[in-house]
Amino acid sequence: MTTTDTARTVRAARGSERTAKSWGAEAAKRMLMNNLDPEVAEHPEDLVVYGGTGKAARSWEAFDAIVRTLDELEPDETLLVQSGKPVGVFRTHEWAPRVLIANSNLVGDWATWPEFRKLEQLGLTMYGQMTAGSWIYIGTQGILQGTYETFAAVAGSLGRDDLSGTLTLTGGAGGMGGAQPLAVTLNGGAVLIVDVDESRLARRVEHGYLDEYTTDLDAALARVVAAKAAGKALSVGVVGNAAEVFGDVLARHRAGELTVDIVTDQTSAHDPLAYLPVGIAFEDWKAEASRDPEGFTARARGSMAKHVAAMVGFQDAGAEVFDYGNSIRAEAQLGGFDRAFEFPGFVPAYIRPQFAEGRGPFRWVALSGDPEDIRKTDEAVKALFPDNAGLVRWLDKAGDAVHFEGLPARICWLGYQERHLAGLKFNEMVASGELSGPIVIGRDHLDSGSVASPYRETEAMADGSDAIADWPLLNALLNTASGAAWVSIHHGGGVGIGRSIHAGQVTVADGTALAAEKLERVLTNDPGTGVMRHVDAGYDRAKEVARERGLQVPMLDA
Ligand code: NAD
């Protein structure tokens, strides 16, 4: 472990020796620290991992107390973490999670940003986003395959095999949004990505997610237009405010100077204080947001109204336009733009059929720190699912293109009755010594059975159950009962306070027989709740999956 009080530079320990008393506690500690590794976190000095202000711990004091407690935790004890602060240790049993986490939860009528900020200022809560406060963020790679698959689906909906010969316009090159340029180029397309923060674009270039960036919009457009014409894959970043740049590019599109084929956005619109309004200088952002949060929010929403008006303008002009899970339509509507919901969210547009099969972003991390362990697990997953051509293609591409940030990790989308096979295989590989250390296995909260989020994962459910939040709570309870190493329940991730409830789970393959039993249950049951939720909502594919793969749903045929 390397943390220091002065520099506060955090980096997880590597290797197969642990200082905690169980691998569950050691894994939780290393993953908390990995979330805050400067290679991984967007603003580690503020404990901010990604997603605007998504934090891993409430304060440095709380961080130190969590690390200390995890080191002392007995293998039959459970640490409780309340919005980033360790609040209690209880005697449980070996099958129980080592950590239970609740982040940002508020009672319904109080679930607003102003109330949240008031409580945050009093030191009573923190914003956990999704995997920031649940210690399973793995850098920009964590969203890369999902973004890659989404853009592949966009190509399909345009009647194309891939994105070559197309131009995509998007915003936000942060922790998650930064996956967009590489996802587009892996699909063969040209893309222009706009961010107000030059350092974010530079970081994406440094990590291989973006080919190049400039401060000159004309130059950037010339590069992507030429790439589109040549059918070449190229990603170019431009420093600018998306609320202005989108309108500017739309005017050129309308004038026939260029054609944009696809438009989306991943600025941190879900949190109006994390979206820079037009007219406020980048250098004044933080000071202005804390000086007058309400006034700043109104200005941010006004800019988002312009931003989304340009997106609707592109749709009117024939482009494929979708909301990429940042709540920008709802914020633009609050900013006075009443056509904001005229383009769809990406889940109903492209992803829901995958959720009906319990498919979602499965991820794993090598605690050894050895990239060779990930290479071996890639090969093992390919050997387990040789007929899944998309998966094999993805793992080959990821092996070549993904720069590891922090502990080496991998993501791939697997579904019900698939994930446990990978987990059990990894556990065998740890037991046999083929891998040089345990593997942590988790997922995003953005998954098929773990989230209620009416502007994103559960938008436009077939039965109208978009806002029913029992499902993620059942998911968390079941994962707790099934043997996960840590389980979390959050509010407000992805789309902002008041708009989502979601749950996370992480298991650890440490090579023991007990781990195998836990992995088998957790990695079967967790995606099983996704199939169950979509059966209940009436999706035929989910019903077929339940029948074919033996999921018990008492009222399946009712
Ligand atoms: P982040 O905070 O790391 O990055 C946001 C970026 O937006 C920053 O680089 C910031 O400089 C930039 N930005 C802010 N205002 C801007 C403006 N007016 N013009 C141009 N750039 C601006 O956040 P992130 O983790 O990348 O997430 C971005 C958004 O995407 C969030 O709302 C998040 O919830 C959402 N998200 C979506 C998915 C998905 O699968 N669709 C997954 C994760 C996150």
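For every chain, the first residue of its written sequence is number 1, and the numbers climb from 1 along that sequence. Totals for whole chains, interfaces and linings use every residue, but because this is a predicted model, local features are given only for residues with pLDDT of at least 70 and side-chain atom pairs only at 80 or more, for both listing and counting.

Student: Any chance you could explain the overall build of the chain here in plain terms?
Tutor: Note on conventions: DSSP H or I runs of at least 4 residues are helices, E runs of at least 2 residues are strands, and numbering of each starts at the N terminus. The number of helices and strands found in the chain is 18 helices and 17 strands. Over its C-alpha atoms the chain spans a radius of gyration of 22 Å, differing by no more than 12% from the 24 Å that the globule rule assigns to 558 residues. Counting only C-alpha atoms and orienting by the principal axes, one finds that the chain spans roughly 65 × 55 × 50 Å. Taking contacts inside the chain between residues at least 6 apart in sequence as the whole, the part at least 24 apart equals 71%. All radius of gyration figures rest on C-alpha atoms, and the globule criterion is 2.2 Å times the number of residues raised to 0.38. Contact between residues is assigned whenever the C-beta positions, reconstructed from backbone atoms, fall within 7 Å.

Student: I'm lost on the domain arrangement of the chain in this one. Help?
Tutor: Accessible area lost during the coming together of the parts is what is often quoted as the interface size. In this document the domain limits rely on a domain assignment from an automatic tool or a database. According to the domain assignment, the chain contains domain 1 (1-39 + 57-127 + 352-558) and domain 2 (147-343). Each of domain 1 and domain 2 was reduced to a C-alpha centroid, and the two centroids are 29 Å apart. On the side of domain 2, 13 residues touch domain 1, which itself brings 13 residues to the contact. Looking at which element gives the most residues to the side of domain 1 that touches domain 2, the answer is helix 14 (residues 389-401), with three residues. Here the nonpolar group is Ala, Val, Leu, Ile, Met, Phe, Trp, Tyr, Cys and Pro; Asp, Glu, Lys and Arg are the charged ones; every other residue, Gly included, is treated as polar. A per-class count over the side of domain 1 that touches domain 2 returns five nonpolar, three polar and five charged.

Student: What is the right way to look at the site of the ligand in this model?
Tutor: Placing the C-beta atom from the backbone, one calls a residue near a molecule or strand if that atom lies within 6 Å of it. Neighbouring the ligand are 35 residues, the closest being Gly-174, Met-176, Asp-197, Gly-325 and Asn-326. Broken down by secondary-structure element, the contributors of at least two residues to the shell around the ligand are helix 4 (141-157), strand 7 (190-195) and helix 8 (242-254). Taken together, the residues of the shell around the ligand break down into 15 nonpolar, 16 polar and four charged.

Student: What is the right way to read the UniProt feature "active site" (unreviewed entry) in the chain from this model?
Tutor: UniProt positions are given in the numbering used here, feature names are shortened, and annotations may be inferred rather than shown by experiment. As annotated by UniProt and renumbered to match this structure, "active site" (unreviewed entry) occupies Cys-412. Within the fold, Cys-412 resides in strand 13 (residues 409-414). Cys-412 has contacts with Gln-145, Phe-362, Val-381, Leu-391, Trp-394 and Leu-395, leaving out every residue within four places of it along the chain.

Student: Mind showing me how you'd approach the nonpolar core here?
Tutor: As a rule of thumb, soluble globular proteins bury nonpolar side chains together. Grouped together as the largest cluster of nonpolar side chains are 163 residues, with contacts concentrated most on Ala-28, Leu-192, Val-224, Val-365, Ile-439 and Val-440. Broken down by element, the residue count for this core peaks at nine residues, all from helix 10 (residues 293-316). Shared between two domains, this core holds at least three residues of each, these being domain 1 (1-39 + 57-127 + 352-558) and domain 2 (147-343). Not counting the four nearest positions on each side in its chain, Val-224 is found in contact with Leu-167, Ala-190, Val-191, Leu-192, Leu-234 and Val-236. In plain words, the nonpolar core is the set of buried Ala, Val, Leu, Ile, Met, Phe, Trp, Tyr and Cys residues that C-beta atoms within 7 Å link up. Exposure in this text rests on C-beta crowding, where 20 or more other C-beta atoms within 10 Å of a residue's own make it buried, 12 or fewer make it exposed, and counts in between make it partly exposed. The C-beta atoms are placed from the backbone.

Student: Would you explain the sheet that holds strand 10 (residues 262-263) in this entry?
Tutor: Whenever strands of a sheet pair, they do so through backbone hydrogen bonds, lying parallel or antiparallel. Strand pairing is assigned whenever DSSP identifies at least 2 bridges connecting the two strands. With parallel pairing, the six strands of this open sheet are ordered in space as 8-9-7-6-10-11. Looking at the sheet topology across the chains shown, the edges are occupied by strand 8 (212-214) and strand 11 (320-321). Between N-to-C directions, angles span 0 to 180 degrees; the directions come from axes that are lines fitted to C-alpha atoms, helices contributing only their stretch in contact. Relative to strand 9 (residues 234-239), helix 7 (residues 217-229) is tilted by about 165°, and along the sheet it contacts strand 6 (167-171), strand 7, strand 8 and strand 9.

Student: Even after reading the chapter, I still don't get the pairing of strand 4 (residues 85-91), so can you show me in this structure?
Tutor: Successive side chains on a regular strand alternate, one facing one side of the sheet and the next facing the other. In this sheet, strand 4 lies alongside strand 3 (residues 77-82) in antiparallel orientation, the contact comprising six bridges. What sits directly across from Thr-78, in strand 4, is Phe-90.

Student: I'm lost on the UniProt feature "domain: Urocanase C-terminal" (unreviewed entry) in the chain in this one. Help?
Tutor: Under the local residue numbering, the UniProt record ascribes the feature "domain: Urocanase C-terminal" (unreviewed entry) to residues 353-547. As annotated, residues 353-547 comprises 45% helix and 18% strand, and the C-alpha atoms at either end are separated by 16 Å.

Student: So what exactly am I meant to see when it comes to helix 7 here?
Tutor: An α-helical segment advances 3.6 residues per turn. Residues three or four places apart therefore align on the same side. To estimate how far a helix should reach, multiply one less than its number of residues by 1.5 Å. With 13 residues, helix 7 should cover 18 Å at 1.5 Å per step; its first-to-last C-alpha distance of 18 Å lies within 8% of that length. Within helix 7, burial applies to Ala-220, Leu-221, Val-224, Ala-227 and Lys-228. Within helix 7, the buried residues cover an arc of 130° as seen down the axis, which keeps them to one side. In helix 7, the exposed positions angled more than 90 degrees off the buried face are occupied by Asp-218, Ala-219, Ala-226 and Ala-229. Buried residues belonging to helix 7 abut strand 6, strand 7, strand 8 and strand 9. Gly-231, located one to two residues past helix 7, shows a positive phi value of around 70°. The arc in question is traced by the directions running from the helix axis to the C-beta atoms.

Student: Teacher, can you tell me more about the packing of helix 1 (residues 23-35) against helix 2 (residues 60-72) here?
Tutor: Packed helix pairs are specified by the crossing angle of their axes together with the interaxial distance, meaning the distance between the axes. Between helix 1 and helix 2, the least distance of the axes is 8 Å, while the angle of their chain directions is 160°. Classified by the angle between their axes, helix 1 and helix 2 sit roughly antiparallel to one another. By crossing handedness, the relation of helix 1 to helix 2 is classed as left-handed. In this structure, helix 1 contributes Ala-25, Ala-28, Lys-29 and Leu-32 to the contact, and helix 2 contributes Ile-66, Val-67, Leu-70 and Asp-71. Each residue belonging to the contact of helix 1 with helix 2 can be placed in one class, and the counts come to six nonpolar, no polar and two charged. Oblique is the label for every angle not falling under 35 degrees (roughly parallel), over 145 degrees (roughly antiparallel), or within 65 to 115 degrees (roughly perpendicular). It is the rotation of the near helix from the far one that decides the hand of a crossing: anticlockwise by less than a right angle makes it left-handed, clockwise makes it right-handed.

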